[in-house]
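Architecture and fold: a report
Here's the letter readout for the chains.
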Amino acid sequence: MSQVLFVPANAALVHYAEWVQFLYPGDEDKALLELGYITSFGAIVGFVTRPWLGQLVNRLGARTIWMIGYLLFIAGFMGNLMLDDVNWVIYSLRGIMFLGVASIFTSSITYITLTTPESRRTEAIGILGVGGFIGFLIGPMIGDMILGTNPGLVEFEQFFWMGSVCVMASMSLLFFMPSPPGNVQAGSLSLKQFIRTCRTYWPGSIIYVNIAFGLSMTVPLHLLKKFVLDNELNGVMVGELGFITIFYLVYAGWGMTIRILLKNAPDRIGRRKILCVGVISMVLGYCGYCTISVGNMWMVLVPALLCGTGHGLTYHCMTALSIQTFPSENRGTGSALALMAFDCGILVGMPVMARLVVWQGYNAMFLTVAATITIISAIYFKQNGIR
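As the structure is a computational prediction, the values presented were derived from the model and not from experiment.

This part is about the packing of helix α10 (residues 218-230) against helix α15 (residues 331-360). For the pair α10 and α15, the least separation of the axes is 11 Å and the interaxial angle reads 30°. Accordingly, the angle class assigned to the pair α10 and α15 is roughly parallel. Relative to α15, α10 is oriented so that their crossing is right-handed. Facing α10, whose interface residues are T218, H222 and L223, α15 presents G345, I346, M350 and M353. Taken together, the residues of the contact of α10 with α15 sort by class into 4 nonpolar, 3 polar and no charged.

Structure (structure tokens):
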């Protein structure tokens with residue numbers, strides 16, 4: 001339930017591209033590049049701090065770091081109300097938000113893995129992800145309703161207040177959650193210790209699949225709104241529902257349905273088999289983005305369904321495979337490593353993808369993402385097999 005309340009605020013950040021363009025009027029290409037740099041900087045902050053976050057989770061407990069993450073996210077989110085142009089402050093605020101999100105997801109994944117048996121761990125991570133999908137159903141739609149088609153400062157103020165209220169409600173639920181057994185332990189907070197632990201329990205090339213997944217998520221999380229604005233796809237499609245809302249209703253709704261219907265499949269059939277199906281679906285979905293145009297807006301259903309399927313099948317299997325080699329006392333470190341790989345895909349991918357869009361257009365970017373996922377996944381499955 002805590003995730004259900006938090007993710008709408010995080011998912012509402014799909015509209016952050018519109019906020020950057022509002023602060024950077026008159027030049028769409030420069031606004032896109034600026035968005036890439038801002039997002040990449042935030043991802044760098046998350047990437048650099050995750051080694052210590054993982055060890056702090058081991059030392060202070062998952063619930064404590066979870067709560068600190070919420071406070072950081074609120075500070076960064078509400079800080080945007082002080083901005084009137086693009087400067088170093090927006091980079092700092094994005095970094096604080098990424099640090100908050102990094103803390104939240106590292107601690108929540110660790111909490112879940114410590115409170116469920118090995119045989120049901122993938123299922124538990126999947127159920128945690130269902131809360132995320134519910135947030136994706138709600139967040140972008142509420143953001144669309146608040147911002148409308150031509151938002152001004154008042155609409156953006158309402159947008160940031162809405163997100164902060166959701167996060168505060170989510171944080172309040174942590175007070176009712178028990179601390180998991182065996183989570184807190186005394187230990188070093190050194191980078192050397194983190195590296196030593198990762199080398200000892202290194203999960204293999206599944207980490208590179210995490211990087212590819214992080215790259216793929218730059219589209220729905222950060223670039224999709226800019227794609228809509230630049231291609232004039234912001235008209236109404238059904239009733240009062242616009243392109244972004246339709247996309248996320250289908251993407252998250254179908255992804256959540258797949259996740260629930262097949263929640264036992266990874267532990268019953270095999271994690272790699274489900275991961276393989278998810279990766280193939282995601283690759284086809286990114287190719288499907290190329291079919292969207294002003295006169296063919298309903299083709300959004302193709303990537304929404306395929307990428308929703310890919311997300312629904314990929315993330316929990318990938319995460320479980322990434323942390324399965326780490327013992328319970330180092331599970332925070334394992335979670336941090338997996339999420340560092342995800343951050344790496346964003347911090348490298350965002351500026352590169354933004355530059356590629358300016359140079360060759362959105363279709364080239366979509367196909368590059370599809371090709372990258374294909375190559376990295378092929379390497380992983382060649383090394384590890386599908387069974």
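Let us now look at the packing of helix α13 (residues 271-288) against helix α16 (residues 362-384). Packing of α13 against α16 leaves a shortest axis separation of 8 Å and a crossing angle of 160°. Relative to α16, the element α13 lies roughly antiparallel. In the packing of α13 onto α16, the handedness of the crossing is left-handed. Residues R272, L275, C276, V279, M282, V283, Y286 and C287 of α13 lie in contact with α16, whose contacting residues are F366, L367, V369, A370, I373, T374, S377, Y380, F381 and N384. The residue makeup of the contact of α13 with α16, split by class, is 14 nonpolar, 3 polar and 1 charged.

All right, on to unusual backbone geometry then. A positive phi is found at E232, a non-glycine position, where the angle reads about 55°. In this structure, E232 sits in the loop between α10 and β1 (236-238). Taking the relative accessible area as the measure of exposure, E232 reaches 61% and is therefore exposed.

As a further point, take empty space enclosed by the protein. If you walk through the whole model with that rule in mind, you get 4 cavities of 30 Å³ or more. Size it by volume and the second largest cavity reaches roughly 40 Å³. Of all elements in the fold, only α9 (206-216), α13, α14 (301-323) and α16 reach the threshold of two or more residues within the lining of the second largest cavity. Element by element, the count of residues in the lining of the second largest cavity is highest for α9, at 3 residues.

Turning next to the side chain of D343. Take D343: it is sitting in helix α15. Residue D343 is classed as buried on the basis of its relative accessible area of 2%. Excluding residues within four positions of it along the chain, D343 makes contact with A43, G46, F47 and R50.

Bringing helix α4 (residues 62-79) into the picture now. Here α4 contains 18 residues, and its C-alpha end-to-end distance of 26 Å stays within 8% of the 26 Å for a straight helix at 1.5 Å per residue. By the burial criterion, the buried members of α4 are A62, I65, W66, M67, G69, Y70, F73, I74, G76, F77, M78 and G79.

Per the stated rule, a full pass over the model turns up 22 aromatic pairs. Seen in terms of ring centroids, F77 and F159 are 6.1 Å apart; in terms of plane orientation they differ by 40°. Their pairing is tilted. Of this pair, F77 sits in helix α4 while F159 sits in helix α7 (residues 153-173), and the two are 82 residues apart along the sequence. F159 shares its class with F77; the two are buried. The interplanar angle of 65° and the centroid separation of 5.1 Å between the aromatic rings of F227 and Y362 together place this pair among those described as edge-to-face. In this pair, F227 sits in helix α10 while Y362 sits in helix α16, placing the two residues 135 residues apart along the sequence. Residue F227 is classed as buried on the basis of its relative accessible area of 4%. For Y362, a relative accessible area of 10% puts it in the buried group.

Another point: the side chain of S103. Looking at the secondary structure, you find S103 in helix α5 (residues 88-114). Residue classification places S103 among the buried residues on the basis of a relative accessible area of 2%. Setting aside residues no more than four positions away along its own chain, S103 makes contact with L53, I65, W66, G69 and L72.

A few words now on the pattern of salt bridges. Inspection of every chain in the model, using the stated rule, returns 3 salt bridges. Measuring nitrogen to oxygen at the nearest pair gives 3.1 Å for the salt bridge that ties E18 to K225. Pair noted here: E18 is in helix α2 (residues 16-23) and K225 is in helix α10, with a separation of 207 residues, a long-range link. Owing to a relative accessible area of 8%, E18 belongs among the buried residues under this scheme. Two residues, K226 and D230, come together in a salt bridge whose shortest N-O distance is 2.8 Å. Taken as a pair, K226 and D230 lie in helix α10 at a separation of 4 residues, close to a single helical turn.

Conventions and cut-offs
Residues numbered from 1 in each chain as written. Predicted model: local features only at pLDDT ≥ 70, side-chain atom pairs only at ≥ 80, totals over all residues. Heavy atoms only, no water. Axes fitted to C-alpha atoms, helices over the stretch in contact; angles between N-to-C directions. Helix = DSSP H or I, 4+ residues; strand = E, 2+ residues; numbered from the N terminus. Parallel < 35°, antiparallel > 145°, perpendicular 65-115°, else oblique. Left-handed = near helix turned anticlockwise from the far one by under 90°. Contact = heavy atoms within 4.5 Å. Nonpolar A, V, L, I, M, F, W, Y, C, P; charged D, E, K, R; others polar. Buried < 20%, exposed > 50% of the residue type's maximum accessible area, 1.4 Å probe, protein only. 1 Å grid on protein atoms, 1.4 Å probe; cavity = no way out; pocket = protein on both sides within 12 Å on 5 of 7 lines; lining within 4 Å. Points joined across faces, edges and corners; volume = space filled by probe spheres on them. Expected span 1.5 Å × (residues − 1). Phe/Tyr/Trp six-rings, centres within 6.5 Å; stacked < 30°, edge-to-face > 60°. Salt bridge = Lys/Arg side-chain N within 4 Å of Asp/Glu carboxyl O.

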